[in-house]
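Structure assessment
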Amino acid sequence: MITQPNDIQPPEWPLRLLRFFLRKQYLEEIEGDMEECFRDNLEQFSPAKARRLYAWEAVKLLRPALLQNFEFLRNLNQAAMFKNYFKISTRNMMKSPLSAFINVFGLAAAIGICVFGFAFARWTYSTDQFHEHKHEVFLATFFADRDGSVQQFGRTPRPLGEMLRHDFAHIKKVCRLDDRNVVVKHDDNVFHERVRFVDPEFLDMFTFPLKWGTPGSLADVNSIVLSEEAAIKYFGETNPIGQNMVVIFGKNVSKAFKVTGVAAKFPVSRSFGFDFLVNFENLKTAEPGYDLQDWKAFVNATFVQLDNPADAALLRQGMEKYRHVQNEAVQKEWAITAFGLEPLATLHETSEDIRDDIAHSSESNYASIVYMAVVALAMLLLACFNYINIAIVSAAKRLKEIGIRKSIGAARSRVIVQFLTENIFITAFALVVGVALGTFLFIPWFEGLFDFSMGFKLNDPQLWIYLPAILLFTGILSGLYPAFYISKFQVVSILKGSVKFGQSNPLTKGLLVFQLILACVLVTGGITFTRNSDFLAKRSWGYEPARVVYAEVPDGAAFEQLNAALLQNPNVVLIAGSTHQLGKRHTTTVLHLTDREYEVEHYAVDANYFETMGLPFEAGRGFHHEEGSDKHAVVVNELMVKNMAWGNPIGETFKIDTVEYAVVGVLKDFHSYSFSRPLRPTIFSVAPKAEFHYMSIKAQQGSELQTLKALQGQWAKLFPETPFQGGHQEDVWGFYFQEIGIHGKVWRAFATIAVLLASLGLYGLITLNVAGRAKEFSIRKVLGAGAKNITVKIADQYVVLFVVALVLGAPVSYVLMKMVMNMAYAVHMPIDYSSVMISVVILIFVLAATVSTQIRKVVKTSPVQGLKTE
């Protein structure tokens, strides 16, 4: 059943919150305005986002001018009293520097991680929000049935942009984007680049302000606009306006452009940008046969800007007429089912589900926000539990103060307010330290790992809404229990000295168990991610990239020239040519089977390719070397055989377009892309020599570097005007391994902080126990108890807690890590209990070390000193 917009209701709790806190005379108007805003947001965003915005607006309305005059707030308005609490807190911190350090450090570390999480979430959610027309600009898409499921594509037929421009009056602007790999030359600077062909409206629709030049210059087909990075690459820091650059589109096809614009530095948080912009009409120069009316061909993207974003639904309906034109032009397997429009403002959120989209998806970042929120909350809980334990220990030294306050008339509520106030003061101090840790340690460290900037600013208004929320949450959560626990003691009991702390407190012990479980989960995470990085680094790709170097070549003739020059090199074992290359380039092809259409990845290669790349055969053979043979033969991978349920795949046939192909060989499965993507069904066919675009060379063992240098040397001799593009095959996914290595570093950092906080919490609890039993231990020592007896008496109750915590923490850690790894990686190390066991051993060692410090302290303390304890 389709949900109508009017059926979607905002959440109820924000209104309840407002009705409780705000003055009644404002409520009716506020509720009406919020309902109206919610309906407007529903038209632009998903229901979930509209609800989030609704709740956020409600929170922002909790302003002093709108709040009711609650009685308890008036009671709190006693400056002298709070000044006294402030002085007491300061003195207590100075009198107990160790406790103060534990409290402040724990809370500050947790708050620092919260600030880091805020910066990352702010950066992610700000993606593309700098575009002035983000709510008016839409990406045209289409839907098509692939392998039985409807999928969305970000490309559009070439004629669509012009048709939209002429057929719909309410479309303000239309911009087509198409990209090509070219060579750009200026003086001695020659590089392979990617040029974006766009309509002149590009710089009007998207907010990429120019540092130099004018946006209107894109209307000139001889103009080129550079990004700031590209301008520095070719011209340094000088203004390049008016300079000439030559763009080599292909063999014997080039054109000189005049630089008419340089964009200012792009915001980091964006889903797409550009290096070079030229007028879309230049595609006719780059490809003389380029046909703008060909419905079978596609451009990378078509954007439209509407006067009114609400007209998007109307436009989507109007585009239905193009579907018939499109489907008549293409074969039935490429038929589309509908056109669609995706708002620019949310494109980074939906890109993950749009195939061939030019925008970079932020989905992994959103998943990371969830992980960070969980970790930050866990750290806050650890720090709060630490504070609770330490606060109770400190309160044992203030019993007389509490007793005197009560005896002169202080009610229990006043004592609770005092302890909560003191706690919020300490938390505020920790907040300052935490913001400093986040700003100057955690955030720069993370940005350094990925070499980027999140653009975090201390003057961000939303940060100053977030920080007070953290302050209140942390201050109240950590101080509420100690305040209520300490304030409940009777004056008579306090003054008689019959109040005992730490003898038996189930909640405190429960907090310790929970701390240890959290620490176990985080340490297991750090170990698992570290081991997974090693596992993936050593995992076989299913072929042998280590001995292979490759180069991109413009065509078959260039391949032959290089081939002839390298054949005599003793380090060269084998040379292969191909149209595509593993990890670099492939095409998508639809196979016509007897009962369905089936989409596969397609590589066109020569007969040497399998042996050169070390692709092992499971069955059958490769291609014959005789030119012209095996034109209708294909080699497939194991996954395709499995998906087709072929018992004997050799000899199986299918059609591509109208040509029938027969399977002659089956390769064992291999990874053509990073391990973050699952295996895909794949076929190999014979590539015509004229269409070779890659040369792959299998080198002698240990001579890969020399072979690459020889390849580069021959390239420089044969093609001095064209920069070399190639390298080691095993470096194709170097960034991927760098990224998963960073995952391990981040988790190890979290695990280290978690262990530290758990150790502090344990230290506080043992201190509580020892402080409450100082006289007991002194009497035992006077009566002859040795270190062994004292050790047993202190450690016996913690052994049970440790066992309970680790018995609960181990399976919880196992289940959570399995879930996280399955979500984060398509391929990962087998998840078993080994990482959990390592984590348990580390925790046992840390716990034993922490307990032993307190045992040693008791053993070394003079019994006389203990007997003097009040």
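Predicted model only: the values in this text are computed from it and were never measured.

1. Section: the overall build of the chain
Each helix and strand counted, the chain has 28 helices and 25 strands in total. Of all 870 residues assigned to the chain, the portion counted as buried reaches 50%. Of all intrachain contacts in the chain linking residues separated by at least 6 positions in sequence, the fraction that spans at least 24 positions is 79%. Of the roughly 40800 Å² of accessible surface on the chain, 58% is carried by carbon and sulfur atoms.

2. Observations concerning the domain arrangement of the chain
Each assigned domain of the chain is listed with its residue range as follows: domain 1 (12-68), domain 2 (137-353), domain 3 (366-537 + 736-868) and domain 4 (548-732). With centres defined by C-alpha atoms, the gap from domain 3 to domain 4 works out at 56 Å. Listed as interface residues are five residues of domain 3 and, on the opposing side, six residues of domain 4. Taking both sides of the interface into account, the surface hidden between domain 3 and domain 4 amounts to around 480 Å²; carbon and sulfur atoms contribute 76%. The three residues of domain 3 that bury the most area against domain 4 are Tyr736, Ala826 and Val827, which together make up 78% of that side's buried surface. Summed over the shared surface of domain 3 and domain 4, the number is zero residue pairs in polar contact (both at pLDDT 80 or more). Residue composition of the side of domain 3 that touches domain 4, by class: five nonpolar, no polar and no charged.

3. Describing helix H12 (residues 320-329)
Residues of H12 that are buried: Tyr322, Arg323 and Gln326. Down the axis of H12, the buried side of the element spans an arc of 110°, and every buried residue falls inside it. Looking at the buried residues of H12, the elements they touch are strand S3 (156-157), helix H7 (160-167), strand S11 (298-299) and strand S13 (336-343).

4. Here we look at the side chain of Gln326
With respect to the helices, strands and loops of the structure, Gln326 is situated in helix H12. According to the relative accessible area criterion, Gln326 is buried, its value standing at 0%. Sequence-distant contacts of Gln326, defined by excluding residues within four places in its chain, comprise Pro157, Trp295, Phe298 and Ile336.

5. Structural notes on the packing of helix H1 (residues 13-21) against helix H2 (residues 24-44)
At a minimum axis distance of 11 Å, the contact between H1 and H2 shows a crossing angle of 160°. The angle between H1 and H2 falls in the class roughly antiparallel. Seen from above, H1 lies across H2 with right-handed handedness. Only Leu27, Ile30, Glu31 and Met34 of H2 make contact with H1, whose side of the interface consists of Leu15, Leu18 and Arg19.

6. A closer look at the packing of H1 against helix H3 (residues 47-60)
Relative placement of two packed helices is described by the angle separating their axes and the distance separating the axes. Contact pair H1 / H3: the axes reach a minimum separation of 9 Å and the direction vectors enclose 10°. Taken together, H1 and H3 sit at an angle that is classed as roughly parallel. Contacts between H1 and H3 involve Trp13, Pro14, Leu15 and Leu18 on the former and, on the latter, Tyr54, Ala55 and Ala58. Among the residues making up the contact of H1 with H3, the classes are represented as seven nonpolar, no polar and no charged.

7. Remarks on the pairing of strand S20 (residues 633-637)
Across the five residues of S20, five count as buried, placing the element largely inside the fold. Because side chains alternate across S20, one face comprises the buried residues Ala633, Val635 and Asn637, and the other comprises Val634 and Val636, equally buried. Sheet topology places S20 next to strand S22 (residues 659-667); five bridges connect them, and they run parallel. The residue bridging Val636 from the neighbouring strand is Val666, located in S22. Note that S20 and strand S23 (residues 682-686) share three bridges and pair antiparallel. Within S23, the position partnered with Val636 by the bridge is Ile683.

8. Focus: the UniProt feature "transmembrane region" (unreviewed entry) in the chain
Sites flagged by UniProt as "transmembrane region" (unreviewed entry) map to residues 100-125, 369-394, 415-443, 463-486, 507-529, 746-771, 798-821 and 833-851. Across residues 415-443, the secondary structure splits into 100% helix and 0% strand, with the terminal C-alpha atoms separated by 39 Å. Secondary structure across residues 798-821 divides into 100% helix and 0% strand, with the first and last C-alpha atoms of the span separated by 33 Å.

9. Thoughts on the environment of Lys775
Residue position: Lys775 is located in helix H25 (residues 774-782). We classify Lys775 as partly exposed; its relative accessible area is 41%.

10. Notes on the nonpolar core
Counting 106 residues, the largest nonpolar core has Met379, Leu582, Leu615, Phe623 and Phe684 as the members making the most contacts within it. Ranked by the residues each element gives to this core, the list is headed by helix H6 (residues 97-125), at 17 residues.

11. Observations regarding the pattern of salt bridges
Here the structure, examined in full by the defined rule, presents 27 salt bridges. Taking the shortest distance from any N to any O, the salt bridge between Glu193 and Lys233 comes out at 2.8 Å. Taken together, the residues span a long stretch of sequence, with Glu193 in strand S5 (residues 189-198) and Lys233 in helix H9 (residues 228-235) at a distance of 40 residues. A residue is classified by how much of its surface remains accessible, and Lys233, at 39% relative accessible area, is partly exposed. Taken together, the shared-partner salt bridges connect Glu162, Arg165, Arg176, Asp199 and Glu201 into one network.

12. A closer look at the environment of His592
Here His592 lies in strand S17 (residues 587-592). For the pair His592 and Ile476, spaced 116 residues apart in sequence, the C-alpha to C-alpha distance is 66 Å.

13. Some words on the packing of aromatic side chains
Each aromatic ring pair is specified by the distance between its two centres and by the angle formed by the two planes. The final tally for this structure, using the stated rule, is 42 aromatic pairs. Between Phe38 and Tyr54 the ring centres are 5.6 Å apart and the planes differ by 75°, which places this aromatic pair in the edge-to-face class. One end of the pair, Phe38, is in helix H2; the other, Tyr54, is in helix H3, and 16 residues separate them in sequence. By relative accessible area, Phe38 is classed as buried at 1%. For Tyr54, a relative accessible area of 4% translates into the label buried. Taken together, Phe130, Phe202, Phe206, Phe208, Phe266, Phe272, Phe274 and Phe303 form an aromatic cluster joined through their ring pairs. Between Arg155 and the ring centre of Phe298, over which it is positioned, the NZ or CZ distance is 4.8 Å.

14. Let's talk about the pairing of S5
With ten bridges connecting them, strand S4 (residues 171-186) and S5 associate as antiparallel partners. Each bridged residue has a counterpart across the sheet, and for Asn181 the counterpart in S5 is Arg194. Hairpin geometry of S4 and S5 is characterised by an intervening segment of two residues between the two adjacent antiparallel strands and by a positive phi of about 55° at Asp187. In this structure, S5 lies alongside strand S10 (residues 276-279), joined through four bridges in parallel fashion. Bridge assignment links Val195 to a residue of S10, and that residue is Phe276.

15. Looking at the environment of Ala537
Mapped onto the elements of the fold, Ala537 is located in helix H19 (residues 506-538). A C-alpha to C-alpha distance of 9.8 Å links Ala537 and Gln738, two positions 201 residues apart in sequence.

16. Things to note about the side chain of Ser223
For Ser223, the position within the fold is in strand S7 (residues 223-226). Within the structure, the side chain of Ser223 is placed 3.2 Å from the backbone oxygen of Ser217, a separation counted as a polar contact. Not counting the four nearest positions on each side in its chain, Ser223 is found in contact with Ser217, Phe257, Lys258, Thr260, Leu277 and Val278.

17. A word on unusual backbone geometry
Even without being glycine, Asp356 reaches a positive phi, approximately 60°. Here Asp356 is to be found in the loop between strand S14 (354-355) and helix H14 (363-396). Given the relative accessible area of 39%, Asp356 is considered partly exposed. Look at Ala645: it is not a glycine, yet its phi comes out positive at around 60°. Here Ala645 lies in the loop between helix H22 (638-644) and strand S21 (653-656).

18. Remarks on H6
For H6, which comprises 29 residues, the first-to-last C-alpha distance of 41 Å matches the rise-based estimate of 42 Å (1.5 Å per residue) to within 8%. With 23 of 29 residues buried, H6 lies mostly within the body of the structure.

Calculation criteria
- Counting restarts for each chain, with residues numbered from 1 along the sequence as it is written.
- Local features in this predicted model are restricted to residues of pLDDT 70 or higher, and side-chain atom pairs are both shown and tallied only at a pLDDT of 80 or more, whereas totals for entire chains, interfaces and linings draw on every residue.
- Excluded from the side-chain calculation are hydrogens and water; included are all heavy atoms of the structure.
- Secondary structure elements follow DSSP: runs of H or I of four or more residues count as helices, runs of E of two or more count as strands, with numbering from the N terminus.
- Burial status follows relative accessibility: with a 1.4 Å probe on protein chains alone, a residue under 20% of its type maximum counts as buried, one over 50% as exposed, and anything between as partly exposed.
- In what follows, residue pairs with any heavy atoms lying within 4.5 Å of each other are defined as contacts.
- Note on areas: Shrake-Rupley, 1.4 Å probe, and residue coverage restricted to the protein chains presented here.
- How far each domain reaches was decided by an automatic or database domain assignment.
- Values labelled buried area give the accessible surface lost by two parts on being combined, using a 1.4 Å probe and summing over both.
- In protein, a polar contact requires one atom able to donate a hydrogen and another able to accept it; more generally it is a pair of N or O atoms within 3.5 Å, and residues adjacent in sequence count only if both atoms are side-chain atoms.
- The classification used treats Ala, Val, Leu, Ile, Met, Phe, Trp, Tyr, Cys and Pro as nonpolar, Asp, Glu, Lys and Arg as charged, and all other residues, Gly among them, as polar.
- Regarding the arc, it is the one traced by the directions from the helix axis to the C-beta atoms.
- Under this scheme, a helix contributes an axis fitted over its contacting stretch, all axes are lines through C-alpha atoms, and angles between N-to-C directions fall in the 0 to 180 degree range.
- When an angle is under 35 degrees it counts as roughly parallel; over 145 it counts as roughly antiparallel; between 65 and 115 it counts as roughly perpendicular; any other value is oblique.
- Left-handed describes a crossing whose near helix is turned anticlockwise from the far helix by less than a right angle; the clockwise case is right-handed.
- Two strands are counted as paired when DSSP detects at least two bridges linking them.
- UniProt positions are given in the numbering used here, feature names are shortened, and annotations may be inferred rather than shown by experiment.
- We define a nonpolar core as any set of buried Ala, Val, Leu, Ile, Met, Phe, Trp, Tyr and Cys residues linked to one another through side-chain atoms lying within 4.5 Å.
- In the sections that follow, a salt bridge refers to a side-chain nitrogen of Lys or Arg positioned within 4 Å of a carboxyl oxygen of Asp or Glu.
- The criterion for an aromatic pair is that two Phe, Tyr or Trp rings (for Trp, the six-membered ring) have centres within 6.5 Å, with stacked assigned to planes under 30 degrees apart, edge-to-face to planes over 60 apart and tilted to the rest.
- We count a charge as sitting over a ring when the NZ of a lysine or the CZ of an arginine lies within 6 Å of the ring centre and within 35 degrees of the ring normal.
- Multiply 1.5 Å by the residue count of a helix minus one, and that product is the helix's expected span.

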